[in-house]
Amino acid sequence: MTNPEAVSEGACYRLPDGSLVDVASSPSSGELISQSDPVGREVVRHSTAHVLAQAVLSLYPGAKYAIGPPVSDPPGFYYDFDIGRPFTPEDLEQIEAKMREIIEADQPFTREEVTITVALDLFADQPYKREILEGIGEESASEGVAGDKVSLYRNDGFVDLCRGPHLPSTGRIHAFQLLKTSGAYWRGDEKRQMLQRIYGTAWESQEALDDYLQRKDEAEQRDHVRLGRQLEIFANFSQLPAGFPVWLPKGATIRRLLEEFILEEERRAGYQHVVTPHVGKKELYETSGHWEHFRDNMFPPIELEHESLVLKPMNCPHHILIYASELRSYRDLPLRIAELGAMYRYERSGTLRGLNRVRYMILNDAHIFCTREQIKEEFTAVVKMVERVYGILGITNYNYRLSLRDSGDTEKYHGDAEMWEQAESLLRESLLELGVPFREAEGEANFYGPKLDIQLVDLLGREETYSTVQLDFLLPKRFELTYIGDDGNEHRPVMVHRGIISTLERIVSYLIELYGGAFPVWFAPVQALVIPIADRHHEYANQLVERISSVGGRAAVDASGETLGNRIRKAQGQKVPYMLVVGDKELEAGTVSVRLRSGEEKRGVPAEEFVSNLVSDVEEKRLSQ
RNA sequence: GCCGGAGUAGCUCAGCGGUAGAGCAAUCGCUUCGUAAGCGAUCGGCCCGGGGUUCGAUUCCCCGCUCCGGCUCCA
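Predicted model only: the values in this text are computed from it and were never measured.

Parameters and conventions
Each residue is numbered by its place in its chain's sequence as written, counting from 1. All chains are assigned letters beginning with A, and all ligands numbers beginning with 1, in the order in which they are written. At least 70 in pLDDT is required for a residue's local features to be given in this predicted model, at least 80 for side-chain atom pairs to be given and counted, and no such filter applies to totals for whole chains, interfaces and linings, which use all residues. Helix and strand definitions here come from DSSP, where helices need a minimum of 4 consecutive H or I residues and strands a minimum of 2 consecutive E residues; each element is numbered from the N-terminal end. Remark: C-beta atoms are placed from the backbone, and a residue is labelled buried if 20 or more other C-beta atoms sit within 10 Å of its own, exposed if 12 or fewer do, or partly exposed between those counts. Any residue whose C-beta atom, as set from the backbone, lies within 6 Å of a molecule or strand is reported as near that molecule or strand. Residue classes follow a fixed rule: Ala, Val, Leu, Ile, Met, Phe, Trp, Tyr, Cys and Pro count as nonpolar, while Asp, Glu, Lys and Arg count as charged, and any other residue, Gly among them, counts as polar. Buried Ala, Val, Leu, Ile, Met, Phe, Trp, Tyr and Cys residues form a nonpolar core when they are connected through C-beta atoms within 7 Å. Domain delimitation follows an automatic or database domain assignment. The contact criterion used is a C-beta to C-beta distance within 7 Å, with each C-beta placed from the backbone. Between the first and last residue of a helix there are one fewer steps than residues, each counted as 1.5 Å, and that sum is the expected span. If DSSP finds at least two bridges between two strands, the strands pair. Fitting a line to C-alpha atoms yields each axis, with helices limited to the stretch in contact; the angle taken between N-to-C directions then spans 0 to 180 degrees. Crossings are sorted by hand: turned counterclockwise from the far helix by less than a right angle, the near helix makes the crossing left-handed, and turned clockwise it makes it right-handed. Each angle gets one of four labels, with under 35 degrees taken as roughly parallel, over 145 as roughly antiparallel, 65 to 115 as roughly perpendicular, and the rest as oblique. pLDDT is a per-residue confidence score from the predictor, ranging from 0 to 100.

Peer 1: Is there a simple way to explain the overall build of chain A in this structure?
Peer 2: The helix and strand inventory of chain A stands at 19 helices and 31 strands. Considering chain A as a whole, with its 625 residues, one finds that 35% of them fall into the buried category.

Peer 1: Would you explain the protein's contact with RNA strand B in this entry?
Peer 2: Around RNA strand B lies a shell of 59 residues, among which G183, G188, S349, G350 and G583 are the nearest. Looking at the surface near RNA strand B residue by residue, the classes come out as 21 nonpolar, 21 polar and 17 charged.

Peer 1: Got a minute to help me understand the environment of S25 in this structure?
Peer 2: Relative to the helices and strands, S25 is located in the loop between β2 (20-21) and β3 (31-34). Taking the C-alpha atoms as reference points, S25 and H537, separated by 512 residues in sequence, lie 79 Å from one another.

Peer 1: Got a minute to help me understand the nonpolar core in this structure?
Peer 2: Buried together is how nonpolar side chains tend to be arranged in soluble globular proteins. In this structure, V530 and L580 are the most contacted members of the largest nonpolar core, which totals 86 residues. Residue assignment places this core across two domains, with domain 2 (227-276 + 315-513) and domain 3 (521-619) each supplying three or more. Sequence-distant contacts of V530, that is, excluding residues within four places in its chain, are made with A541, L544, V545, A555, V557, L580 and V582. Ranked by size, the runner-up nonpolar core spans 42 residues in total, among them A53, Y65, F87 and L161.

Peer 1: Explain the domain arrangement of chain A here, please?
Peer 2: Taken domain by domain, chain A comprises domain 1 (4-215), domain 2 (227-276 + 315-513) and domain 3 (521-619). Inter-centroid distance (C-alpha atoms) of domain 1 to domain 2 is 39 Å.

Peer 1: Looking at this model, I keep getting lost on helix α6 (residues 206-221). Mind explaining?
Peer 2: Since there are 3.6 residues in each turn of an α-helix, residues three or four apart along the chain are aligned in direction. Spanning 16 residues, α6 covers 23 Å between terminal C-alpha atoms, matching the ideal 22 Å at 1.5 Å per step. For α6, the buried fraction is low: zero of the 16 residues fall into the buried class.

Peer 1: Help me understand the sheet that holds β2, please; the structure alone is not making it clear to me.
Peer 2: Strands in a sheet are paired, the pairing made by backbone hydrogen bonds, and the direction either parallel or antiparallel. Reading across from one edge, β2-β1-β3 is the order of the three strands in this open sheet, with antiparallel pairing throughout. Either end of the sheet is taken by a strand with one partner, and the two such strands are β2 and β3. Judged from the two bridges that link them, strand β1 (residues 10-14) and β2 form a sheet pairing that is antiparallel. What sits directly across from R14, in β2, is L20. The strands touched by helix α2 (residues 38-59) within the sheet are β1, β2 and β3, with β1 carrying the most contacts at an inclination of about 120°.

Peer 1: Before we go on, may I ask you to explain the sheet that holds strand β7 (residues 110-115) in this structure?
Peer 2: Here three strands make up an open sheet; going across it, the order is β7-β8-β9 and the pairing antiparallel. A strand with exactly one partner marks an edge of an open sheet, and here the two such strands are β7 and β9 (158-161). Across the sheet, the mean angle from the axis of one strand to that of its neighbour is 30°, orientation sign disregarded. With four bridges connecting them, strand β8 (residues 149-155) and β9 associate as antiparallel partners. In the sheet register, Y153 faces β9, and the bridge partner there is D160.

Peer 1: In this structure, what is going on with helix α11 (residues 316-324)? I would like to understand it.
Peer 2: For α11, the full list of buried residues reads C316, P317, H318, H319, I320 and Y323. Its buried side turned inward, α11 meets β15 (279-281), α9 (282-288), β18 (335-344), β19 (360-370), α14 (475-478) and β26 (494-503).

Peer 1: Quick question: what am I supposed to make of the environment of S598 here?
Peer 2: In this fold, S598 is placed in the loop between β30 (591-596) and β31 (601-606). Judged by the 9 C-beta atoms lying within 10 Å of it, S598 is exposed.

Peer 1: What am I meant to see in the pairing of β26 here?
Peer 2: Consecutive residues of a regular strand have side chains that alternate between opposite faces of the sheet. Most of β26 is tucked away: ten of the ten residues are buried. Both strand β23 (residues 463-472) and β26 contribute to a ladder of five bridges, which runs antiparallel. Each residue of the ladder has a partner; that of D472, found in β26, is M495.

Peer 1: Which parts of the structure should I look at to understand the environment of E490?
Peer 2: In this fold, E490 is placed in strand β25 (residues 490-491). In the structure, E490 is positioned 36 residues away from V526 in sequence and 54 Å away in space, judged by C-alpha atoms. Other than its neighbours up to four places away in sequence, E490 contacts T482 and I484.

Peer 1: Which parts of the structure should I look at to understand unusual backbone geometry?
Peer 2: In this structure, P74 follows D73 across a cis peptide bond, with omega equal to -5°. Mapped onto the elements of the fold, P74 is located in the loop between β5 (70-71) and β6 (76-82). The omega angle of the peptide bond from L333 to P334 is -5°, so this bond is cis rather than trans. Structurally, the position occupied by P334 is in the loop between α11 and β18. You will see that R187, though not glycine, has its phi angle at about 60°, which is positive.

Peer 1: Explain the packing of helix α16 (residues 538-550) against helix α19 (residues 607-619) here, please?
Peer 2: With their axes 10 Å apart at the nearest point, α16 and α19 run at an angle of 35° to one another. The two elements α16 and α19 meet at a crossing, and its hand is right-handed. Packed against α16, whose contacting residues are L544, R547 and I548, the element α19 presents A607, V611 and L614 at the interface.

Peer 1: How should I be thinking about the packing of helix α12 (residues 375-393) against helix α13 (residues 417-434) in this particular structure?
Peer 2: Relative orientation and spacing of two packed helices are given, respectively, by the angle between their axes and the distance between those axes. At their nearest, the axes of α12 and α13 sit 10 Å apart, and the two run at 45° to each other. Regarding the angle of α12 to α13, the classification is oblique. Where α12 crosses over α13, the handedness of that crossing is right-handed. Taking contact as the criterion, the partners of I375, K376, F379, T380 and V383 in α12 are, on α13, A423, L426, L427, S430 and L434. Here the contact of α12 with α13 is built from residues that sort into seven nonpolar, two polar and one charged.

Peer 1: I would appreciate a short explanation of the pairing of β8 in the present structure.
Peer 2: Note that β7 and β8 share six bridges and pair antiparallel. If you follow R111 over to β8, its bridge partner there is Y153. In textbook terms, the turn of a hairpin is the stretch between consecutive antiparallel strands, and for β8 and β9 this stretch comprises two residues, one of which, D156, has a positive phi near 50°.

Peer 1: Any chance you could explain the confidence of the model for chain A here in plain terms?
Peer 2: Note that predicted coordinates carrying low pLDDT should not be read in detail. Of the residues in chain A, 98% have a pLDDT of 70 or more, and the chain-wide mean is 90. Ranking the elements of chain A by mean pLDDT puts helix α1 (residues 4-9) last, at 54, and α19 first, at 97. The low-confidence segment residues 1-6 (pLDDT under 50) makes two contacts with residues lying over four places distant or belonging to another chain. Model confidence for the complex: the whole-complex pTM is 0.89, and ipTM, which rates the interface, is 0.88.

See below:
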């Protein structure tokens, strides 16, 4: 701990109670956190954010600075400013140069604590800082805490309100880069002032920074919008509304295969599939509560013959109608109703992108109606199905999040506390029994019930919820759903909303990026491309395609007059799993020369052997060739 | 929706006050080839739309449209 080398490179100390303090505070006990530790990186980034603000304040007199936290996406930091105009790329260069000067000067960061009153005075001409301070003041007042002190960090003439900790000095920032600017509303509120945000990234070393920039570059190469065009999976047309992409033949093939796959998985798991229309009457959504709570995300109704028709934003009300269409007995439960259900949602135009965020989508949806006693078993089965499906698709990077009530604010949740507690511990128990790692998130539950979110991690480490299992105590009540129990009395069923692969649009966008466009054989729009060496081999090539088609395979011939090398190159670009080169030798021996996307190559493979391998690739849904 | 950036050939992009260029793709020849770019020719553009400034606008200004990035991970 007294090792000067270590101290010079440490980012902060973690005290036995878990709190973080400055290296400069030299605690008597505690663990030194290095700059390359995830926590240490946050300290590095936070310190770099301060240097950014310092540079902006010195370059633009009168600049107002708001907040500048470390963030995980991009792995770095941002700082929000108001300089009366947007930043230009030239501004960024200047700011970055200024920041390098500050880092070169190796200014020490010093911490001090002052009362809020003193701080308000200090930030007299900084309205955003004052607003933050006032917020802190109110918070401590409402909690009855006498903690009316805030911490400040100074370096050279710059001072910022900050909880810390920070690096010992600016010179300890080893590698950073400003990335981009954008508009950002103060406190994320569209009704408030728009500030100008600068994003940057910072790392413990130049190598780590370079590594990140390279990963970022690779992720851009795999971007589903880019690959979607290159591989002819989907397209947007200016004649069609934004958020309504078109599935091109290859994309439609992928989508159909995915549909067949998930429907089969559900059939095996005891789901019954239904098909419901794309619209409902407004009243249906008034009953469900969507009209009240979800209206901002719905298209405006279509007025027709004295009725208001609503493009459905969710499938649950339709599925509930099916449940309620018959008198249900406990013997009918659990009743699992599933649909690849169309949904229309009004997403703000600025958020639309590729297949990932659209206004019309097909959700892999299901609603399980069950008794309270059946919740655990049903929940467990869904989690197992998620794991199975992910395994087949090759999805390995995901996290479970158990979303619970906010225990400090139980008012906003529907239903009695006992039911919630019981349900929450049921879900927790199931997860523990399943042995899956999960984290708990207080306050993330829906107001109608607790849920499990399964979040996929993308190539840049960003998390997004794809699968979800949600308990719902409210809708059965709103629709007055009942079943007759074994006691002959009416009881209220519980509803479980669940989605395994999210919407077809979203999962395909994820899979394109996961595979980098190189789909597993069972999934590839073209599984085998036959490349005849010369014209005299065309007939044999066509026979091969016919043979592959006869076993349900997807093959084509490249009969263009291009050279062999060029045709191979094009097939590589289309990421075709198998390139079958056939010439005199193959024709004579009834074989094919198999080239894989990896460049690996097997010559003289009997045609029938190739066909049966292809069939087993598909049957076993093999991930790699 | 809001802030910024960008819209030039099918795609990727260069040009930027003086009537528009490259590579790839496409088409047509020649080539009939052994595993990631054979050779040649041809075709292809209201330089996003509308207004303005100018002798002259793809270029500068304004207004739309479309696309891209971002819009609290709370000092």
